[in-house]
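So the chains spell out like this:
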Amino acid sequence: MSTNIPADSEENEKRVRAFYEATVPGHREALRGLQAPHVIYDLPEGMPIGCGHFEGLQDVLERFLTSFYGALDVRFIAEEFISAGENVVALGRIQGKTRKAAVPVDVPFAHVWTVREGYLQRLRAFTDTALLAHALAKD
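Definitions and limits used
- Residues numbered from 1 in each chain as written.
- Predicted model: local features only at pLDDT ≥ 70, side-chain atom pairs only at ≥ 80, totals over all residues.
- Heavy atoms only, no water.
- Pairing = 2+ DSSP bridges.
- Helix = DSSP H or I, 4+ residues; strand = E, 2+ residues; numbered from the N terminus.
- Axes fitted to C-alpha atoms, helices over the stretch in contact; angles between N-to-C directions.
- Contact = heavy atoms within 4.5 Å.

## Considering the sheet that holds strand S2 (residues 52–55)
Turning to step 1, where the next piece is worked out: Read across the open sheet, the 6 strands follow the order S2-S1-S6-S5-S4-S3; overall the sheet is mixed. One side of each edge strand has no neighbouring strand; the edge strands of this open sheet are S2 and strand S3 (72–84). Across the sheet, the axes of successive neighbouring strands diverge by a mean angle of 20°, strand direction being ignored.
Turning to step 2, where the next piece is worked out: Pairing geometry for S3 and strand S4 (residues 87–98), over 12 bridges, is antiparallel. Residue pairing across strands places Ser-83 opposite Val-88, the latter belonging to S4.
Turning to step 3, where the next piece is worked out: Where helix H3 (residues 57–71) meets the sheet, it contacts strand S1 (35–43), S2, S3 and S4, and its direction lies at approximately 125° from that of S3.
Turning to step 4, where the next piece is worked out: Helix H4 (residues 129–138) contacts S3, S4, strand S5 (104–116) and strand S6 (119–127) of the sheet and is inclined by roughly 135° relative to S5.

See the structure below:
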């Protein structure tokens, strides 16, 4: 039995890792080049900001990221990656604070990415929406 990760899995994981590195303030412009123009985000119902389905990079940038980063000064810290072909799971934490009252935020996440042709094509996100809502309610 081979324990080698296929080359495409390694490249796909590198692409996902680069996404999280680009979520650092001041480096977010790189997010555009990592994602397909028709990227899809599926975010959990119950998210206090930006829940639902987003199609296309413009939709993600305008409807999701603007409101999300408008309310939260956070970073996505990926701690573990699980790669299987075109799918890469990132496990980590959303850490930072709310923008208005600086309420601390430290929320676990699991992101399932689909990577094809060198671009992030789809994100299915899972997180503790109650913790985010609680922090924003104090804001």
